[in-house]
Amino acid sequence: MSKVNVSVTLCNIKLNNPTISASGILGTTRALLKRVAENGAGAVTIKSISREPREGHKNPTVITFEAGMLNAVGYSNPGVDKAAREFINLQDVGVPVIASVVGTHKDDFVRVIEGLSGTEFSAIEIPLSCPHTPGFGLLAGQGTPQATFDITSEVRRVTSLPIFIKLSPNISEICTVAKAAEDAGANAITAVNSMGPGMIINIEAQKPILSFQVGGVTGDALRPIAVRCIYDLYKAIKIPVIGVGGVSTGRHAIEMMMAGASAVGIGTGVYYRGIDVFKKVCEEMILWMQENSIDDINKIVGAAHD
Amino acid sequence: MISTRLWALHMIEQPIMVKICDIREESPNVKTFFFERKIHFNPGQFVMVWIPLLDEKPFTISYIQENLLGISVLKKGPFTRVFHSKKAGDRIGIRGPYGKGFNLQINSCVVGGGIGMASLATVIDTLPDITIIQGARNSSEILYQKRFKNMRLCTEDGTMGFKGTTVDLLDEIIKKQHFQKVYTCGPEPMLYKVVELCKKYDIDCEVSLDRYMKCGFGVCGQCDCSGQRVCVDGPVFTTSELNKMEDFGKITITKTGERVFINKQ
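Residues numbered from 1 in each chain as written. Chains lettered and ligands numbered in written order. Predicted model: local features only at pLDDT ≥ 70, side-chain atom pairs only at ≥ 80, totals over all residues. Heavy atoms only, no water.

- In the nomenclature of an unreviewed UniProt entry, chain A is known as Dihydroorotate dehydrogenase of Candidatus Jettenia ecosi.
- Per its UniProt entry, chain A bears the Sequence similarities (unreviewed entry) comment "Belongs to the dihydroorotate dehydrogenase family. Type 1 subfamily." (UniProt positions renumbered as here; feature names shortened; annotations may be inferred.)

1. Structural notes on the pattern of salt bridges
And step 1. Within the structure shown, the criterion is met by 22 salt bridges over all chains.
And step 2. For the salt bridge of Arg35(A) with Asp233(B), the shortest nitrogen-to-oxygen distance reads 2.7 Å. Here Arg35(A), found in helix α1 (residues 30–38), pairs with Asp233(B), found in the loop between β15 (228–229) and β16 (236–238), and the two come from separate chains. One exposure class covers both Arg35(A) and Asp233(B), and it is buried.
And step 3. Look at the salt bridges and you will find they share partners, linking Arg35(A), Arg229(B) and Asp233(B) into a network. (Salt bridge = Lys/Arg side-chain N within 4 Å of Asp/Glu carboxyl O. Helix = DSSP H or I, 4+ residues; strand = E, 2+ residues; numbered from the N terminus. Buried < 20%, exposed > 50% of the residue type's maximum accessible area, 1.4 Å probe, protein only.)

2. Notes on the packing of aromatic side chains
And step 1. According to the stated counting rule, one finds 15 aromatic pairs over all chains in the structure shown.
And step 2. Seen from their ring centres, Phe87(A) and Phe121(A) are 6.1 Å apart, and the 55° between their planes marks the pair as tilted. Placement of the pair is Phe87(A) in the loop between α2 (80–86) and β7 (97–100) and Phe121(A) in the loop between α3 (106–115) and β8 (123–127), with a sequence separation of 34 residues. Residue Phe87(A) shares its accessibility class with Phe121(A), and that shared class is buried.
And step 3. Through a chain of ring-to-ring contacts, three or more aromatic side chains come together here, namely Tyr271(A), Tyr272(A), Phe46(B), Tyr98(B) and Phe217(B).
And step 4. Lying across the ring of Tyr63(B), Arg147(B) places its NZ or CZ 3.5 Å from the centre.
And step 5. Note that Arg147(B) overlies the ring of Tyr144(B), its terminal NZ or CZ placed 5.0 Å from the centroid. (Phe/Tyr/Trp six-rings, centres within 6.5 Å; stacked < 30°, edge-to-face > 60°. Lys NZ or Arg CZ within 6 Å of the ring centre and 35° of its normal.)

3. What about the pairing of strand β8 (residues 108–113) of chain B?
Residues and elements named next belong to chain B.
And step 1. Counted residue by residue, β8 has six buried out of six residues, so it is predominantly covered.
And step 2. The alternating pattern of β8 places Ser108, Val110 and Gly112 and Cys109, Val111 and Gly113 on opposite faces, both of which are buried.
And step 3. Both β8 and strand β12 (residues 181–185) contribute to a ladder of five bridges, which runs parallel. Along β12, the bridge assignment pairs cysteine 109 with valine 182.
And step 4. Both β8 and strand β9 (residues 131–136) contribute to a ladder of five bridges, which runs parallel. Among the inter-strand pairings, valine 111 is bridged to a residue of β9, identified as isoleucine 133.
And step 5. Where the polypeptide runs from β8 across helix α2 (residues 117–126) and back to β9, its parallel neighbour, the crossover connection is right-handed. (Pairing = 2+ DSSP bridges. Right-handed = clockwise from strand over helix to strand, strands pointing away.)

4. Things to note about the UniProt feature "active site" (unreviewed entry) in chain A
All names here are of chain A.
And step 1. UniProt annotation of "active site" (unreviewed entry) refers to Cys130 when read in the numbering used here.
And step 2. With respect to the helices, strands and loops of the structure, cysteine 130 is situated in the loop between β8 and α4 (145–158).
And step 3. Overall, the relative accessible area of 4% leaves cysteine 130 in the buried class.
And step 4. In this structure, cysteine 130 is in contact with Tyr75, Phe136, Gly137, Leu138, Leu139 and Asn193, ignoring residues within four places of it in sequence. (Contact = heavy atoms within 4.5 Å.)

5. Remarks on a nonpolar patch on the surface
And step 1. Together, Met199(A), Ile201(A) and Ile203(A) make up an exposed nonpolar region whose accessible area comes to about 320 Å².
And step 2. Tracing the chain through its elements places Ile203(A) in the loop between β12 (201–202) and β13 (207–208). (Patch = residues over 30% accessible without salt bridge, like charges linked within 9 Å, V, L, I, M, F, W, Y side chains within 5 Å. Areas by Shrake-Rupley, 256 points an atom, 1.4 Å probe, with all protein chains shown as cover.)

6. Overview of the sheet that holds strand β16 (residues 261–266) of chain A
Residue and element names in this part refer to chain A.
And step 1. An order of β3-β4-β7-β8-β9-β10-β15-β16 is seen for the eight strands of this closed barrel, with the pairing classed as parallel. Going from strand to strand, the sheet's axes swing by 25° on average, the running direction of each strand aside.
And step 2. Pairing of strand β15 (residues 241–244) with β16 involves four bridges; the strand directions are parallel. When the bridges of β16 are listed, valine 241 appears paired with alanine 261.
And step 3. Seen against the sheet, α4 touches β8 and β9 (163–167) and runs at an angle of roughly 160° to β9.
And step 4. Across the sheet, helix α9 (residues 277–291) is in contact with β3 (19–21) and β16; its angle to β3 comes to roughly 165°. (Axes fitted to C-alpha atoms, helices over the stretch in contact; angles between N-to-C directions.)

7. Observations regarding the UniProt feature "binding site: FMN" (unreviewed entry) in chain A
All names here are of chain A.
And step 1. When the UniProt feature table is mapped to this numbering, "binding site: FMN" (unreviewed entry) covers Ser23, Lys47, Ser48, Lys166, Val192, Gly219, Gly245, Gly246, Gly267 and Thr268.
And step 2. Of note, serine 23 is situated in the loop between β3 and α1.
And step 3. Judged by its relative accessible area of 17%, serine 23 is buried.
And step 4. Excluding its chain neighbours within four sequence positions, the residues that come into contact with serine 23 are Thr45, Ile46, Lys47, Ser48, Ser100 and Glu125.
And step 5. At 2.9 Å, the side chain of serine 23 forms a polar contact with the backbone oxygen of isoleucine 46.
And step 6. For threonine 268, the location among the structural elements is in the loop between β16 and α8 (269–273). (Polar contact = N/O pair within 3.5 Å; in protein donor to acceptor, adjacent residues only side chain to side chain.)

8. Quick notes on the pairing of strand β6 (residues 68–71) of chain A
Residue and element names in this part refer to chain A.
And step 1. By the bridge criterion, four bridges tie strand β5 (residues 62–65) to β6 in an arrangement that is antiparallel. For threonine 64, the partnering residue across the bridge sits in β6 and is methionine 69.
And step 2. Hairpin connection of β5 to β6: two residues between the antiparallel strands.
And step 3. Here β6 pairs with strand β14 (residues 215–218) via three bridges, running antiparallel. By the bridge assignment for β14, leucine 70 is matched with valine 217.

9. Section: unusual backbone geometry
And step 1. Here the bond from Ala191(A) into Val192(A) is cis, since omega is 15°, no more than 30 degrees from zero.
And step 2. Its location among the elements puts Val192(A) in the loop between β10 (188–191) and β11 (195–198).
And step 3. Of the consecutive residues Gly196(A) and Pro197(A), the connecting peptide bond is found in the cis state with omega at 10°.
And step 4. With respect to the helices, strands and loops of the structure, Pro197(A) is situated in strand β11.
And step 5. With a phi angle near 60°, Asp202(B) is a residue other than glycine that sits in the positive phi range.
And step 6. By the secondary structure assignment, Asp202(B) is in the loop between α4 (188–200) and β13 (204–208).

Structure below.
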């Protein structure tokens, strides 16, 4: 078997392979991040941190359906002060660790990033796109070009780390929002967040199952939409795109990279294939590359474009 | 993974509404709710119980027969207070079963503290000759007295059985009788002491842990214990697994995801 390269460089961060654990998946503790890294992730993302502690929505918060997952966790997190104590000695994790930072006001993002300044995160991801948490993301109007520009500019002012802005697939003008982020100094776009919100009703109980009633849709149902968003973004912006949405096999990851993703986030795939989904996806990518005589994964980025 | 969920239509993690067909009072604060439902279940696994418009929490199954399953519930907080108010004919939602159960071996012992006894009850049903140690604060909290014969009981106040802890009683019994394995469930400081005691006698333990849970199927990370997901990697862990879990017996994780010290009892 021929040797192939799957390592990628994303905003000067070297990843052994292009898989990244998506925010909200197994990102609660340093020990768990390390376990995800041991299971093959090229980089890992923590569960989003806000200024104050949050319990999030009541259960049920995460359920699945025939084509994916529906979740409304509601940004449960211990708040920046406690998080800064949990996420120390990040070199122990073994791969780059990405911080995910959420806020209601511009000042919140600044305060959280300053609170995490003593830690060793490799990049900061800012989701401006959560569809199911009042005060945050879409429900706080953060998904508009202007709000995205303002928040990104403010974050740029206080950190020299690479900034990834995570966008919603719901908005029709995703490229306009991405350009606003790029103009404000973002280093990459993470595309996409969960779509929706959606709702699943238990017909015997005659009630929505999620306690918040609605939640973000991820998994297989999201993938074609994510691929389209990434394809459009690749043409529209110069900064790299991190593709997320329904990746659970090597073929999915390759498809996303051909659409234009430089790296690929995996979330719901952990449910479909276990915690070692990262390892499995990489093995499948390598096999596919060998079968198709491609020696470097970087060569397929954007290959679906004319 | 699929085989444990045959009772669900597909691999879909959604609650199925089941009707309460009987309720048994086990103690002043513990009721067992029975449901007519066939389920593939290994002792030590758990289900998520949904009360619509309220919340969803993990519970072990404490009775399992042909088409009948039972869940023993300690009245403790807002959720279990509402659960206790449910009547026969009312419906609740159940999804699962989830997690890894006990590896059952003959010539073993169960050590249950408080409501932890519920998760060991199906172990005892499967291994009828097993030695049973049950501890409670006082005689009124002892569970399953009619169900299981020859239990070795202990209470903190001495109102029934041995006066002292399950760990003290286990120590006395181990001196006279060798076990292949000790299965235990209860407050985590007790579990920690049981494991430490068994290490002294070179007996392997299997311990069922309790953490606040969200998804129940291993994606959210809420129930982390030193990199192990209690919902899918557990809730039952062996001595050798626990040896690598620094948080065991010391640190739990709150609803916000903060790692905090467990209150010593």
